[in-house]
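# Observations on the model geometry
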Amino acid sequence: MTTPRVERSPILEQIAADFAQRVESSNGHSTPELHALRRQAFDEFQRLGIPTVRHEEWKYTNLFPLLAKGFHLPPHRRELPSLDAVLAPLRRWGRVVSLLDGLLLPHQDEPDLLRPLSEALRDQRWFERLGRLAPFEGNAIVAWNTALFADGVALRVTNEQTEPLVAVSVLDGRGGNIAVHERHLLEVAPGASLTLVLVQRVLGEGEALLNQVLEGWIGENASLTLVLVQDAPQTAHAITTHELELARSARLELITVSIGGGFLRNMPAARLVGEGADAQLYGLTLADGSMLVDHHTTVEHRVAHCTSNELYKAILDGRSTGVFNGKILVQPNAQKTSAYQANRNIVLSSRATINTKPQLEIFANDVRCTHGCTVGRLDREALFYLRSRGLSKKEAEALLLAAFAEEITAKVPIESLRTDLNAHIEHLLHTDELA
Amino acid sequence: MAEPILRIRNLHARVGETEILRGVNLDVYPGQLHAIMGPNGSGKSTLAAVLAGREDYEVTEGEVLFDGKNLLEMDPEERAREGLFLAFQYPVEIPGVSTATFLKTALNELRKHRGQEPLDAMEFMNLMRERAALVKIDPTFFSRSVNEGFSGGEKKRNEIFQLAMLEPRLAILDETDSGLDIDALKIVADGVNALRSPARAFLVITHYQRLLNYIVPDVVHVLYRGRIIKTGPKELALELEAKGYEWVTETDEVAL
Ligand SMILES: Nc1ncnc2c1ncn2[C@@H]1O[C@H](COP(=O)(O)OP(=O)(O)OP(=O)(O)O)[C@@H](O)[C@H]1O
Ligand SMILES: [Mg+2]
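Fair warning: this is a prediction, and the values are worked out from it, not measured in the lab.

Cut-offs applied
- The residue numbers shown here count from 1 along each chain, following its written sequence.
- Labels follow written order: the first chain is A, the first ligand is 1, and so on.
- pLDDT decides what is reported in this predicted model: residues at 70 or higher carry local features, side-chain atom pairs at 80 or more are listed and counted, and totals for whole chains, interfaces and linings draw on all residues regardless.
- Side-chain figures throughout are based on the complete set of non-hydrogen atoms in the structure, without hydrogens or water.
- The helix count covers DSSP runs of H or I at least four residues long, the strand count covers runs of E at least two residues long, and both are numbered beginning at the N terminus.
- Throughout this description, buried means an accessible area under 20% of the type-specific maximum (1.4 Å probe, protein chains only), exposed means over 50%, and partly exposed covers the range between.
- Any pair of residues with heavy atoms lying within 4.5 Å of one another is described as a contacting pair.
- For the accessible areas, the method is Shrake-Rupley and the probe is 1.4 Å, while residue cover comes only from the protein chains on display.
- Following DSSP output, two strands are said to pair if at least two bridges run between them.
- When two rings of Phe, Tyr or Trp (its six-membered ring) have centres within 6.5 Å they constitute a pair, described as stacked for plane angles under 30 degrees, edge-to-face for angles over 60, and tilted for the intermediate range.
- A helix is expected to reach a length of 1.5 Å times the quantity of its residues less one.
- By definition, the arc is the one covered by directions from the helix axis to the C-beta atoms.
- Here a polar contact is recorded for every N or O atom pair within 3.5 Å, except that within protein the pair must consist of a potential hydrogen donor and a potential acceptor, and residues adjacent in sequence are included only if both atoms are side-chain atoms.
- For every element, the axis is a line fit to its C-alpha atoms; helices are fit only across the contacting stretch, and the angle between N-to-C directions ranges from 0 to 180 degrees.
- Throughout, the accessible surface (probe 1.4 Å) given up by two parts as they are put together, summed over both, is called the buried area.
- Note on definitions: salt bridges are taken to be side-chain nitrogens of Lys or Arg within 4 Å of carboxyl oxygens of Asp or Glu.
- A single heavy atom is enough: if one lies within 4 Å of a molecule or strand, its residue is considered near that molecule or strand.
- Gly falls in the polar group here, along with every residue not listed as nonpolar (Ala, Val, Leu, Ile, Met, Phe, Trp, Tyr, Cys, Pro) or charged (Asp, Glu, Lys, Arg).
- Lys and Arg are tallied as positive, Asp and Glu as negative. Neither His nor the chain termini are counted.
- Each metal's donors comprise the N, O and S atoms found within 2.8 Å of it (within 3.2 Å for Na, K or Ca). Water is not part of the atom list, so some coordination spheres may appear incomplete.

Turning our attention to the overall build of chain B. Summing up its helical and strand segments, chain B has 9 helices and 12 strands in all. In terms of overall dimensions, chain B has a C-alpha envelope of 60 × 40 × 40 Å along the principal axes. Within chain B, buried positions represent 54% of all 256 residues. Intrachain contacts of chain B at a sequence separation of at least 6 include 69% that bridge at least 24 residues. Split by element, the accessible area of chain B, about 11,200 Å² in all, is 48% carbon and sulfur.

The following block contains the structure:
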């Protein structure tokens, strides 16, 4: 890690003003402990500064052009916009809960499972969890989030949830460019299970940056399927930090589908802390134009007899940038670990770039760990075969690319969502720029 | 006699600096089935690939007319839409693309070209079932990825199944018989025979007389070093089987 540096800039000044605004607006609404925590986090953020490309973890992902667009915290709201049009299509996927600019909206489909984080944090047991999996020390993004988060949800699942839960983050860009910081705590109790879909929507013409931090505990024998749907127009940007801890025999499936948006940086981490836990991470990037999609994954094996598997695929066209950084950490005690990682990329345009890096840190000796990465173009033999049956070049390419992508969407356990994603992908593949 | 479906005149093709086809001449008429034999490396697959439009080969001389149209200036897909079909020597595996999706896209593409409406899901399913039965392909294959994990014999039968679906004007079979056991050979041959018609022609590349016992050719050619050096009736295949290629290649060398 390079030395942290403080940059004096309008961007930082804006963030300092944001902090002052946050402090003022939360006066009287939150506990002194939370105030203190936000203050510490802000100090840490100021100490660290915004990571630059000199920072190893941000080498290929430059935050500055994004932040230079100028984002403000959402203004104080007088009346709620109608979200019917935004929410209706999502109801096909499951029960919908919605957040507007980080605030949980009332009249939710599922009031028993979750409540606003701000409310939950008054309870010491929830408050103690804040920052346990995602500490702000040394992490500018989390520090920024901790200092400024508007709100979020505290979600606790104690049984088997058969119907998926869809949490939509609506960002109101009607009044200009906004940055919304969301913070979520999630507990899947022992033996319980949940499928959670996270999706982002933007209202209006402004650009919207979501800085989302989620800390999740998956209990013994519990299972979580987390689907991150990034399919919004290019005015939607996101920096996500999803820290998940897996207890004994817990299971995690994380599926990230990044097929729309401007700047997307995802930092999921699965920490396997109980024996027999299993984490499966899947990711799909489909990017064109000037889109940037960065998947920075961490899988940490802390104890023995756990399994993990990662498959990330990307199709890059236009001037887009893809980044995959897959860190696998096997701690000294984690014998009999089995960890796999694969990253497959298809680059369609000479102006598109992919930066891919496996990062294996293995401190145990009895482990099975493999990784592989490919960067290529479409299979020429397959293209010729399809064309020789009458498919146009474009059609053949679209068919092959869709097949490549669908290996990931096939992991999505919700049929309607899978269908929507595949249709969206096919549409993108048939538009001009891609293929 | 009718116009030929395929007319090849003095066709030369090369890869890089190596000339592989060195002046091929061939006329194939409607209803005919021509067998092309010849030793390994003589250029049989190259001829098939050049006809199908593979871009690795550069045609340096000659012309090919397909139903009177200049074949060589068409893209591979245009050739297919005009009715040319190549059963590959090595069919390609296409993970993630189901046989049904693939064939439906291909068939509707051909139908569009012929000015026909696309088939609806029901009609298409029925047609698949009917044609699959012709080469004893199990309907469970429809949802499987194209050729993925198919045995060698299944891949070859799948090629003939596609042929049956797409109903080409000219079908080129590149060693469809190799790698087949006796039963599968019989199935493929029966399939081909069922698909023979007065409006369709076949070009069957093979090493073995065995196949030609089932699929009886009208004409047999020997391709050698990029040229057709001998053409004869079906008995020529038997003679080759008995005497080997040396018998014809020696005469060829004399002729050169
Ligand atoms: N793409 C290519 N690049 C280089 N050489 C090639 C290529 N394709 C064919 N050749 C060469 O051209 C010659 C003819 O090959 P071709 O595959 O047409 O033979 P064939 O008659 O089909 O042989 P077989 O009976 O073994 O299938 C061979 O010497 C082969 O190595
Ligand atoms: Mg060959």
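Moving on from the model shown.
Attention now goes to unusual backbone geometry. Located in the positive-phi region is A:Ser249, a residue other than glycine, with phi close to 55°. Take A:Ser249: it is sitting in the loop between β10 (236-246) and β11 (251-260). Judged by relative accessible area, which is 24%, A:Ser249 ranks as partly exposed. Even without a glycine there, the phi angle at B:Lys136 is positive, about 50°. Mapping B:Lys136 onto the fold places it in the loop between α4 (121-134) and β8 (145-146).

It is worth spelling out the environment of A:Ala143 at this point. All names here are of chain A. Take alanine 143: it is sitting in helix α7 (residues 140-148). Judged by relative accessible area, which is 0%, alanine 143 ranks as buried. In the structure, alanine 143 is positioned 95 residues away from leucine 48 in sequence and 9.0 Å away in space, judged by C-alpha atoms.

Looking now at the pairing of strand β14 (residues 292-301) of chain A. Residues and elements named next belong to chain A. Where burial is concerned, most of β14 is hidden: 10 out of the 10 residues are buried. Here β14 shows two buried faces, one formed by Leu292, Asp294, His296, Thr298 and Glu300 and the other by Val293, His295, Thr297, Val299 and His301. Bridge analysis of strand β12 (residues 263-272) against β14 gives 8 bridges, and the strand direction is parallel. By the bridge assignment, alanine 269 is partnered in β14 with threonine 298. When β14 meets strand β16 (residues 321-330), the two strands line up parallel, connected through 10 bridges. Bridging across to β16, leucine 292 finds its partner in threonine 321.

Let us look at the packing of aromatic side chains. Under the defined criterion, the tally for this structure stands at 8 aromatic pairs over all chains. With 4.8 Å between their ring centres and 65° between their planes, A:Tyr385 and B:Phe88 make a pair best called edge-to-face. Linking A:Tyr385 in helix α8 (residues 380-387) with B:Phe88 in the loop between β6 (84-87) and β7 (94-98), this pair reaches from one chain into another. A relative accessible area of 0% places A:Tyr385 in the buried class. Note on B:Phe88: relative accessible area 4%, which makes it buried. Taken together, a centroid distance of 5.9 Å and an interplanar angle of 20° make the contact between B:Phe142 and B:Phe161 stacked. One end of the pair, B:Phe142, is in the loop between α4 and β8; the other, B:Phe161, is in helix α5 (residues 152-166), with 19 residues separating them in the sequence.

All names here are of chain B. Between its first and last C-alpha, α4 extends 20 Å over 14 residues, near the 20 Å set by a 1.5 Å rise per residue. Phe124, Leu127, Met128, Arg131 and Ala132 are the residues of α4 that are buried. End-on, the buried residues of α4 take up no more than an arc of 125°, which puts them together on one face. Counted as exposed and oriented over 90 degrees from the buried face of α4: Met122 and Ala133. The inward-facing, buried residues of α4 abut α3 (99-113) and α5. Two or three places before methionine 122, at the opening of α4, aspartate 120 has a side-chain oxygen 3.0 Å from that residue's backbone nitrogen. Downstream of α4 by a residue or two, lysine 136 has a phi angle that is positive, lying close to 50°.

Here we take up the sheet that holds strand β11 (residues 219-224) of chain B. Residue and element names in this part refer to chain B. Taken in spatial order, the 6 strands line up as β6-β9-β10-β3-β11-β12 in an open sheet, and their pairing is mixed. On the outer flanks of this sheet lie β6 and β12 (227-232), each paired with one strand and no other. Across the sheet, the axes of successive neighbouring strands diverge by a mean angle of 20°, strand direction being ignored. Bridge analysis of β6 against strand β9 (residues 170-174) gives 4 bridges, and the strand direction is parallel. When the sheet's bridge partners are listed, leucine 84 is paired in β9 with leucine 170. Packed on one face of the sheet, α5 meets β6, β9 and β10 (201-205) and runs near 165° to β6.

Moving on: the interface of chain B and chain A. In this complex, chain B contributes 32 residues to the contact, which on the side of chain A involves 18 residues. Buried area between chain B and chain A, both sides added, is near 2,000 Å², and the carbon and sulfur share of it is 61%. Per-residue buried area on chain B facing chain A is highest for B:Arg54, B:Glu77 and B:Val92; these three make up 23% of the total on that side. Applying the counting criterion to the chain B and chain A interface returns 5 salt bridges. One salt bridge connects A:Arg389 with B:Glu159, and the closest N-O pair in it is separated by 2.7 Å. The tally of links from chain B across to chain A stands at 11 residue pairs in polar contact (both at pLDDT 80 or more). Those elements that provide at least two residues to the side of chain B that touches chain A are α2 (76-82), β6, β7, α3 and α5 of chain B. No other element matches α3(B), which puts 6 residues into the side of chain B that touches chain A.

Here we take up the site of ligand 1. All names here are of chain B. Near ligand 1, the surroundings consist of 14 residues, among which Gly41, Lys44, Ser45, Thr46 and His207 are the closest. Glutamine 89 has a polar side-chain atom sitting 3.3 Å from an oxygen atom of ligand 1. Take glutamate 175: an N or O atom from its side chain is 3.2 Å from an oxygen atom of ligand 1. Coverage of ligand 1 by the protein chains reaches 60% of its 640 Å² of free accessible surface. Its residues assigned to classes, the shell around ligand 1 comprises 4 nonpolar, 8 polar and 2 charged.

Residues and elements named next belong to chain A. Tracing the chain through its elements places aspartate 18 in helix α1 (residues 10-26). It turns out aspartate 18 is buried and unbridged, and the closest side chain with the opposite charge, arginine 22, is 8.2 Å from it. Leave out the neighbours within four places in its chain, and aspartate 18 touches Phe71, Leu73 and Leu148.

To continue, consider the coordination of the magnesium ion (ligand 2). Every protein donor of the magnesium ion (ligand 2) is accounted for by B:Ser45 (OG) and B:Gln89 (OE1), and the metal-donor separations fall at 2.0 to 2.3 Å. In this pair, B:Ser45 sits in helix α1 (residues 44-52) while B:Gln89 sits in the loop between β6 and β7, placing the two residues 44 residues apart along the sequence.

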